[in-house]
Amino acid sequence: MVSPLSSYQRPRALEDALAALAAAPRTVLAGGTDYYPARVGEPCDEDILDITALAGLRAIEERPDHWRLGALATWSTLAGADLPPWFDGLRLAAREVGGEQIQNAGTLGGNLCNASPAADGVPPLLALDAAVELSSLQGREILPLADFILGNRRTARRQDQLLTAVLVPKPRAARAGGHFVKLGARRYLVISIVMVGAALEIGADGRIAAARLAVGACAPVARRLPAAEAALLGRPCDERLASWVQPVHLAGLAPIDDIRASAGYRSDVALTLVRRTLSELTARL
Ligand SMILES: Cc1cc2nc3c(=O)[nH]c(=O)nc-3n(C[C@H](O)[C@H](O)[C@H](O)COP(=O)(O)OP(=O)(O)OC[C@H]3O[C@@H](n4cnc5c(N)ncnc54)[C@H](O)[C@@H]3O)c2cc1C
């Protein structure tokens, strides 16, 4: 039911969308897969800015030192995109977001802006050291993803800004890859109990030159594990790598009891999944 007090705009040009956001607060609508379920049975009394006609925000592009993933790239597009093994973690996450219909409609930008602690896109992107591009009539702002998501459903986006892209820097090492592992209460179509994203860069000497690990659903915001990452640096990239991660390295997580799992179970699983992610990744690299 559309309230007579609300309005709906679907601009085709980014400038028009940014002008609409600058003029008045509007709820941004992308794939709607978070928006609609949160409003079932409620009248629509918000002013909507539907961004799905902004074709330029769907593109995935390689630039000299980074990749630019348009905010409207859907999970299906990402899963099938011609991207290097560095993106394997994000690709695996894409195949875990709901079922195919959700993956066809749901977007990368929507997942990040919705800022759920269980958003599957966040850990693999933190592991890739991604940044978000926020656009407004005042210009473009680039913010590390870790600084963009502030808490459960809270981001640093101003009301006049649109998330227009996610930027992923290229790895320095030629041998590099990413991975993602998710645990839910069943195998598919499930909200995460814990998920882990990882990215490793291997030096010419076969040792870990850079390691990034991120755990989701174990704190209001997915978190990197700097102590575990430091413990991996300089180690040989072999089947023993996972064993260097110890419980103390996960001390920064703050899991809660909820309908899906207890805090204690989440802590156990987080360690197991971090080690599994590393084992599976080192076997591939
Ligand atoms: C059945 C079902 C299963 C699901 N399973 C999963 C799952 O397994 N894992 C998971 O992570 N998620 C899951 N989701 C959630 C959802 O599909 C994803 O988070 C999806 O990526 C959201 O994208 P969207 O384009 O649909 O966002 P929308 O619903 O359109 O928007 C989400 C929020 O982001 C804002 N927004 C969207 N795009 C922008 C932008 N470019 N700039 C500024 N603000 C913006 C909107 O205003 C809104 O607040 C599921 C949803 C459903 C319905």
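The structure this text deals with has already been given above.
Residues numbered from 1 in each chain as written. Predicted model: local features only at pLDDT ≥ 70, side-chain atom pairs only at ≥ 80, totals over all residues. Heavy atoms only, no water.

> Explanation requested: the packing of aromatic side chains in the structure shown.
The geometry of an aromatic ring pair is captured by two quantities: the separation of the ring centres and the angle between the planes. Counted by the stated rule, this structure contains two aromatic pairs. Judged by centre distance (5.1 Å) and plane angle (80°), the ring pair of Tyr-35 and Tyr-36 falls under edge-to-face. Using a relative accessible area of 12% as the deciding quantity, one classes Tyr-35 as buried. Here Tyr-36 falls in the partly exposed class, since its relative accessible area comes to 48%. Ring centres 5.0 Å apart and planes at 90° place the aromatic pair Trp-67 and Phe-87 in the edge-to-face group. Remark: Phe-87 occurs in the loop between helix H2 (75–80) and helix H3 (88–94) and Trp-67 occurs in strand E5 (residues 66–70); sequence separation between them is 20 residues. (Phe/Tyr/Trp six-rings, centres within 6.5 Å; stacked < 30°, edge-to-face > 60°. Buried < 20%, exposed > 50% of the residue type's maximum accessible area, 1.4 Å probe, protein only. Helix = DSSP H or I, 4+ residues; strand = E, 2+ residues; numbered from the N terminus.)

> What exactly am I supposed to notice about the site of the ligand here?
Around the ligand, a shell composed of 31 residues is seen, among which Val-28, Thr-33, Asp-34, Tyr-35 and Thr-107 lie nearest. Within the contact set of the ligand, an oxygen atom lies 2.6 Å away from a side-chain nitrogen or oxygen of Asp-34. Contact distances for the ligand include 2.9 Å between an oxygen atom and a side-chain N or O atom of Trp-75. Protein burial of the ligand: of its 980 Å² of free accessible surface, 84% is covered by the chains. For the shell around the ligand, the secondary structure elements donating two or more residues are strand E2 (27–29), helix H5 (108–114) and strand E10 (162–169). Looking at which element gives the most residues to the shell around the ligand, the answer is H5, with five residues. Across the shell around the ligand, the residue classes break down as 16 nonpolar, 10 polar and five charged. (Near = heavy atom within 4 Å. Polar contact = N/O pair within 3.5 Å; in protein donor to acceptor, adjacent residues only side chain to side chain. Areas by Shrake-Rupley, 256 points an atom, 1.4 Å probe, with all protein chains shown as cover. Nonpolar A, V, L, I, M, F, W, Y, C, P; charged D, E, K, R; others polar.)

> Help me understand the nonpolar core in this model?
Nonpolar side chains tend toward joint burial in soluble globular proteins. One finds Phe-87, Leu-112, Leu-125, Leu-145, Phe-148, Val-166 and Val-168 to be the most contacted residues of the largest nonpolar core, which totals 38 residues. Apart from residues lying up to four places away in sequence, Leu-145 is in contact with Leu-112, Val-122, Leu-125, Leu-126, Ala-130, Ala-131 and Val-132. If you look at the next biggest cluster of nonpolar residues, it comprises 29 residues, including Leu-232, Val-245, Leu-271 and Leu-278. (Core = buried A, V, L, I, M, F, W, Y, C linked by side-chain atoms within 4.5 Å. Contact = heavy atoms within 4.5 Å.)

> Quick question: what am I supposed to make of the sheet that holds strand E13 (residues 208–216) here?
Each strand in a sheet pairs with its neighbour through backbone hydrogen bonds, running either in the same direction (parallel) or in the opposite one (antiparallel). Taken together, four strands build an open sheet; the order of strands is E11-E12-E13-E14 and the sheet is antiparallel. With partners counted over all chains shown, the strands left at the sheet margins are strand E11 (175–183) and strand E14 (223–224), one partner each. (Pairing = 2+ DSSP bridges.)

> Mind showing me how you'd approach the pattern of salt bridges here?
Under the defined criterion, the tally for this structure stands at 15 salt bridges. Linking Asp-88 and Arg-284 is a salt bridge whose minimum nitrogen-to-oxygen distance equals 3.5 Å. Taken together, the residues span a long stretch of sequence, with Asp-88 in helix H3 and Arg-284 in helix H9 (residues 263–284) at a distance of 196 residues. A relative accessible area of 43% places Arg-284 in the partly exposed class. (Salt bridge = Lys/Arg side-chain N within 4 Å of Asp/Glu carboxyl O.)

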